[in-house]
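Here is what each chain is made of, one letter per residue.
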Amino acid sequence: MYGFGDDRNPASDTVNVMEEILIEYIVDVVQTASGGGKKSRLSIEDLRRALSRPADAKKLARMEELLFMQEDIKRARAQFDEPDMHPAGSGL
Amino acid sequence: MLPAMADDDYSAQLSWQSQSKDNLKVLMDNFSPQQYDRFEAYRRHALPKQAVRKVIQGATGQQISQPVAQIVAGFSKVFVGEIVEKARQVQARRGDTGPLSPDHLREAYRMYQEETGRVGAARPLRGKRLFVR
């Protein structure tokens, strides 16, 4: 909370309220995203749709940024795991 | 598993990221020590992934993968920022000083919901706690 603008030492009851609000928010978003039903598994596409309103633009952008970072790691790993890097009998 | 990202999207993000890095460097070069300290705190702290995962699983009744929990934790952190910033505005408007109070937050959250509309829950979630702290 300090990072976002609160005092260096936020009030403890304020922190508790922030946590309550945050939990309510997360529950709200994921329940909306999964369409209220439990049948289909929660997907990234569901979350994208739930964050598609103009007011949620920053949150959506952050999501895309995180997806990019996860993709980045995935691609870097895939390159590292290329079969010709570990020829048979190389002892690696 | 997350679906693979298209190459177009990947390279678009790549160039956006590199531009953002340059802008960020200019910004950081001009921080006061207090601003730098606060920015470091902003960067360093994230929502605990396991706790977020538990909340999602409790709310959906599904097993949630770690990457998805990470994504939700990520944009939920942005939400915290939106509430805190709004709370600061509420505080300023009232002429209060010092650390934010619970009332500032509650008013900020109320304003947030008014401005954005409820996320779209069909049934009222108010007062319905899924977890007891």
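Residues numbered from 1 in each chain as written. Chains lettered and ligands numbered in written order. Predicted model: local features only at pLDDT ≥ 70, side-chain atom pairs only at ≥ 80, totals over all residues. Heavy atoms only, no water.

## Some words on the environment of A50 of chain A
All names here are of chain A. Assignment of secondary structure puts A50 in helix α2 (residues 44-50). Note: C-alpha distance between A50 and S34 (16 residues apart in sequence) is 8.9 Å. The residues touching A50, leaving out its near neighbours within four places in the chain, are V29, A33 and D56. (Helix = DSSP H or I, 4+ residues; strand = E, 2+ residues; numbered from the N terminus. Contact = heavy atoms within 4.5 Å.)

## Looking at the nonpolar core
Core analysis: the biggest nonpolar cluster contains 44 residues, and I26 and L47 of chain A together with F75 and F79 of chain B have the highest contact counts within it. Listing elements by their share of this core, those giving two or more residues are α1 (12-33), α2 and α3 (57-80) of chain A together with α3 (49-60), α4 (66-94) and α5 (102-116) of chain B. Broken down by element, the residue count for this core peaks at 11 residues, all from α4 of chain B. (Core = buried A, V, L, I, M, F, W, Y, C linked by side-chain atoms within 4.5 Å. Buried < 20%, exposed > 50% of the residue type's maximum accessible area, 1.4 Å probe, protein only.)

## Here's the deal with the interface of chain A and chain B
Each partner contributes residues to the interface: chain A has 55 residues there, and chain B has 64 residues. Buried surface at the junction of chain A and chain B, both sides included, amounts to about 5,800 Å², of which 63% is carbon and sulfur. In terms of surface lost to chain B, no three residues of chain A exceed F4, E24 and F68 of chain A, which account for 13% of the buried area on that side. Counting every contact that joins chain A to chain B gives 3 salt bridges. Note that R8 of chain A is salt-bridged to D37 of chain B, the shortest N-O span being 3.0 Å. Summed over the shared surface of chain A and chain B, the number is 17 residue pairs in polar contact (both at pLDDT 80 or more). Contributing elements (two or more residues each) for the side of chain A that touches chain B: α1, α2 and α3 of chain A. With 19 residues, α1 of chain A is the largest single contributor of residues to the side of chain A that touches chain B. (Buried area = accessible area lost by both parts, 1.4 Å probe. Salt bridge = Lys/Arg side-chain N within 4 Å of Asp/Glu carboxyl O. Polar contact = N/O pair within 3.5 Å; in protein donor to acceptor, adjacent residues only side chain to side chain.)

## Digging into the packing of α3 of chain B against α4 of chain B
Relative placement of two packed helices is described by the angle separating their axes and the distance separating the axes. All names here are of chain B. One can describe the packing of α3 onto α4 by two numbers: an axis separation of 9 Å at closest approach and a directional angle of 100 degrees. Between α3 and α4, the angle is such that the two are roughly perpendicular. On α4, the residues that touch K49, V52, R53 and I56 of α3 are Q66, A69, Q70, V72 and A73. By residue class, the composition of the contact of α3 with α4 is 5 nonpolar, 2 polar and 2 charged. (Axes fitted to C-alpha atoms, helices over the stretch in contact; angles between N-to-C directions. Parallel < 35°, antiparallel > 145°, perpendicular 65-115°, else oblique. Nonpolar A, V, L, I, M, F, W, Y, C, P; charged D, E, K, R; others polar.)

## Some points on the pattern of salt bridges
Residue and element names in this part refer to chain B. For the structure on display, the rule yields 17 salt bridges over all chains. Note that K25 and D29 form a salt bridge whose closest N and O atoms lie 3.0 Å from each other. Highlighted residues: K25 and D29, both in helix α1 (residues 7-29), separated by 4 residues, approximately one helical turn. You can call K25 exposed: its relative accessible area is 54%.

## Re the UniProt feature "domain: TAFII28-like protein" (unreviewed entry) in chain B
As recorded in UniProt, the sites labelled "domain: TAFII28-like protein" (unreviewed entry) are residues 26-110 of chain B. Segment residues 26-110 of chain B splits into 78% helix and 0% strand. End C-alpha atoms: 35 Å apart. (UniProt positions renumbered as here; feature names shortened; annotations may be inferred.)

## Re the packing of aromatic side chains
As enumerated under the stated definition, the model contains 7 aromatic pairs over all chains in all. Look at F31 of chain B and F39 of chain B: their rings are 5.3 Å apart centre to centre, the planes differ by 50 degrees, and that puts the pair in the tilted class. Take F39 of chain B: its relative accessible area is 15%, and that puts it in the buried class. Between the aromatic rings of F79 of chain B and Y109 of chain B, the centroid separation amounts to 6.2 Å while the plane-to-plane angle is 85 degrees, which identifies the pairing as edge-to-face. You can see F79 of chain B sitting in helix α4 and its partner Y109 of chain B sitting in helix α5, a full 30 residues away along the chain. Of the two residues examined, F79 of chain B and Y109 of chain B, each falls in the buried class. The ring centre of Y10 of chain B lies 4.0 Å from the NZ or CZ of R75 of chain A, which sits over that ring. K77 of chain B extends its terminal NZ or CZ atom over the ring of Y42 of chain B, reaching a point 4.7 Å from the ring centre. (Phe/Tyr/Trp six-rings, centres within 6.5 Å; stacked < 30°, edge-to-face > 60°. Lys NZ or Arg CZ within 6 Å of the ring centre and 35° of its normal.)

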